[in-house]
Amino acid sequence: MYIRLGSVPEDRKPGADCAMGCVDGVLRVSVQAGRIITIEPTSDSGGNLELIRTITQSELIAAALRQRGLLVLHASCVANGSGAIAFVGFSGWGKSTLAIRFLQKGYRLLSDDVLPICTKNCPPLAYPSHPFVKAKEDTLMESNKDKKKHSKNKVSGKSEIPFIEEFSGQKRKIKKIYIIEGKFRKKSEVRIMENSEQIFEVMKHTWANSLVSRPEDRKKHLKMSKELSQKTDVKVLSRRKSIENLKSVIEVVKKDIK
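Everything quoted here is computed from the prediction, not taken from an experiment.

Undergrad: What is the right way to read the overall build of the protein from this model?
TA: Each helix and strand in the protein was counted, giving six helices and 14 strands. Relative to a compact globule of 258 residues, whose C-alpha radius of gyration would be 18 Å, the protein shows 18 Å and is just as compact. Considering only C-alpha atoms, the protein reaches an extent of 55 × 45 × 35 Å along its principal axes. Buried positions account for 51% of the 258 residues belonging to the protein. Contacts in the protein between residues far apart in sequence, at least 24 positions, make up 69% of those at least 6 positions apart. As displayed, the protein has an accessible area near 13,000 Å², and 50% of this comes from carbon and sulfur atoms. In the protein, which carries 48 positive and 29 negative side-chain charges, the distance between the mean positions of the two groups comes to 5 Å.

Shown next, in the form of structure tokens:
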């Protein structure tokens, strides 16, 4: 994949192999054929390289992967010998914290935040991304890593924690997908969803929807989301508030996996 700074013409229109748009009002971008990303910072970016890097590592990489025929979820994913489990949700919903807890129990890290999935296989395959977990200070403390060694990203407020030894560089069959519920509940539990709800949640938590947005792209996105929900066990994960109740969340997931 080739990433470069350059000019992105405003009058150029998106096509079958070219996604274009303005991300968060700070970057004009084009993503071509799943391999060339061109970035033109706007005046609103203030030349903030950390902001540009953050957007590139998530939204833009995801757009390129979608052009390659992959479904890219906002998720953290860990795996063991029986397959991979993914925790899906928006930033701050506890994906990385859950992933770290499972790494401490012997699982391997596949991906954090950006999870590429091939839905053509049965079961679908999760692809590895990078051997880091992005986490805030409370999660960093849970990881038993020295926070002094990991600089904080000023844009996200998170630190990149390396898990080199725990990383798996091989694609794995997906066993379970848990959609983390946005609001807290009185108890932690796993809940079955209707198929239509599964599809909706998968589509909602897919990266780069604003960039890969032609009618043909949306149709393909719907098809892949349906394939994933039909071939994989997708459920809602409810949790109690605060990191002190994390143990109960881990227990209900472990019980459901069995």
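Having put the structure on the table, let's press on.
Undergrad: Can you walk me through the environment of Lys187 in this structure?
TA: Tracing the chain through its elements places Lys187 in the loop between β12 (172-180) and β13 (189-192). For the pair Lys187 and Ser248, spaced 61 residues apart in sequence, the C-alpha to C-alpha distance is 8.3 Å. Not counting chain neighbours up to four residues away, the residues in contact with Lys187 comprise Ser238, Arg239 and Arg240.

Undergrad: Help me out: how do you make sense of the pairing of strand β8 (residues 114-118) in this one?
TA: Two faces make up the sheet, and in a regular strand the side chains alternate between them. Counting buried residues in β8 gives five out of five residues, a clear majority hidden from the surface. The alternating pattern of β8 places Val114, Pro116 and Cys118 and Leu115 and Ile117 on opposite faces, both of which are buried. The pairing of strand β5 (residues 71-80) with β8 spans four bridges and is classified as antiparallel. Looking at the pairing, Leu73 lines up with Leu115 of β8. Relative to strand β9 (residues 125-126), β8 runs antiparallel, the two being bridged by two bridges. Directly across from Ile117, in β9, lies its bridge partner Ala126.

Undergrad: Hey, could you run me through helix α2 (residues 95-103) in this one?
TA: Two residues of an α-helix separated by three or four positions point the same way, owing to the 3.6 residues in each turn. Burial analysis of α2 places eight of its nine residues in the buried class, the great majority of the element. Within α2, the full set of buried residues consists of Lys95, Ser96, Thr97, Leu98, Ala99, Ile100, Phe102 and Leu103.

Rules used in this analysis
Residues numbered from 1 in each chain as written. Predicted model: local features only at pLDDT ≥ 70, side-chain atom pairs only at ≥ 80, totals over all residues. Heavy atoms only, no water. Helix = DSSP H or I, 4+ residues; strand = E, 2+ residues; numbered from the N terminus. Rg over C-alpha atoms; globule rule 2.2 N^0.38 Å. Buried < 20%, exposed > 50% of the residue type's maximum accessible area, 1.4 Å probe, protein only. Contact = heavy atoms within 4.5 Å. Areas by Shrake-Rupley, 256 points an atom, 1.4 Å probe, with all protein chains shown as cover. Lys, Arg positive; Asp, Glu negative; His and termini not counted. Charge placed at Lys NZ, Arg CZ, Asp CG, Glu CD. Pairing = 2+ DSSP bridges.

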